[in-house]
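Fold and contact review
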Amino acid sequence: MPLLRPVIVDDVHQVLELNHRNVELLAPMDAVRLSELQVLADRCDVVDVDGAFAGFVITFGPGATYDSENYRWFAGRHDDFYYLDRIVLHEDFRRQGLGAFVYDELEQRARTHGRMLLEVNVEPPNEGSLAFHRNRGYEDLAILGDGPKK
């Protein structure tokens, strides 16, 4: 049975390693940055499946002092929102319904803010993520970036 639980010290190596393996779709993160994000985040959780590390998720509420360009873009346009910064599922746990499980949990939390906002890479395209979000009813608000990553 999956559950979301806060990242603890014993999880840090796995979180950083998984982030690194997927960095082309995310932002780089080292132990110092993860610690900073944990302080600012609403949630910094591990996706736990029967005690196994299956991934992680980081979210922010409105008014966070998060320095992400994307978060600041949303904050400049929306008074109240819940921001999904990153979700990464371990390769061994993909295509098992865990993404839907995590989103169900986060969307429930986001209801108090009226909406959950996030970004998905269109360049380079993250086709799996784009399809997942379309199937859940997410809509494009804008395309940001003028370099190789949009």
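The structure reproduced in this document is the subject of the present report. Remember, it's a predicted structure, so these values are computed and weren't measured experimentally. (Residues numbered from 1 in each chain as written. Predicted model: local features only at pLDDT ≥ 70, side-chain atom pairs only at ≥ 80, totals over all residues. Heavy atoms only, no water.)

1. Some details on the pattern of salt bridges
Considering all chains together, one arrives at 11 salt bridges under this definition. Note that Arg136 and Glu107 form a salt bridge whose closest N and O atoms lie 2.7 Å from each other. On the criterion of sequence distance, the pair formed by Arg136 in the segment after helix H5 (127-135) and Glu107 in helix H4 (residues 98-110) is long-range, its members being 29 residues apart. Residue class for Arg136 comes out partly exposed when judged on its relative accessible area of 27%. One salt-bridge network, in which partners are shared between bridges, spans Arg5, Asp11 and Asp48. (Salt bridge = Lys/Arg side-chain N within 4 Å of Asp/Glu carboxyl O. Helix = DSSP H or I, 4+ residues; strand = E, 2+ residues; numbered from the N terminus. Buried < 20%, exposed > 50% of the residue type's maximum accessible area, 1.4 Å probe, protein only.)

2. Some remarks on the nonpolar core
Membership of the largest hydrophobic core comes to 23 residues, with the highest contact counts inside it found for Val15, Met29, Leu34, Phe56, Ile58, Phe60 and Tyr83. Elements with a contribution of two residues or more to this core: helix H1 (12-21), helix H2 (31-40), strand E2 (43-49), strand E3 (52-60), helix H3 (69-75) and strand E4 (82-89). A total of 4 residues in this core trace back to one element, the largest contributor, which is E3. Residues contacting Val15, with those up to four places away along its chain left out, are Val7, Met29, Leu34, Phe53 and Phe56. Formed by 17 residues, the second largest nonpolar core is a distinct cluster that contains Val57, Phe93, Leu98 and Val102. (Core = buried A, V, L, I, M, F, W, Y, C linked by side-chain atoms within 4.5 Å. Contact = heavy atoms within 4.5 Å.)

3. Examining the side chain of Asn19
Following the sequence through the fold, Asn19 ends up in helix H1. Within polar-contact distance, the side chain of Asn19 engages the backbone oxygen of Ala27 at 3.1 Å. Excluding anything up to four places from it in sequence, Asn19 contacts Leu26, Ala27, Pro28, Met29, Phe56 and Arg86. (Polar contact = N/O pair within 3.5 Å; in protein donor to acceptor, adjacent residues only side chain to side chain.)

4. Some words on the environment of Ala54
Mapped onto the fold, Ala54 is located in strand E3. Separated by 51 residues in sequence, Ala54 and Leu3 have C-alpha atoms that sit 9.9 Å apart. Not counting chain neighbours up to four residues away, the residues in contact with Ala54 comprise Val47, Val49, Val88, Leu89, His90, Phe93 and Leu98.

5. Considerations on the packing of aromatic side chains
In this structure the tally under the stated criterion is 11 aromatic pairs. When the ring of Phe74 is compared with that of Tyr83, the centres are 5.7 Å apart and the planes differ by 55°; the resulting orientation is tilted. There is no split in this pair, since Phe74 and Tyr83 are both buried. Each residue in the set Phe60, Tyr66, Tyr71, Trp73, Phe74, Phe81 and Tyr83 is aromatic and connected to the rest through ring pairs, giving one cluster. (Phe/Tyr/Trp six-rings, centres within 6.5 Å; stacked < 30°, edge-to-face > 60°.)

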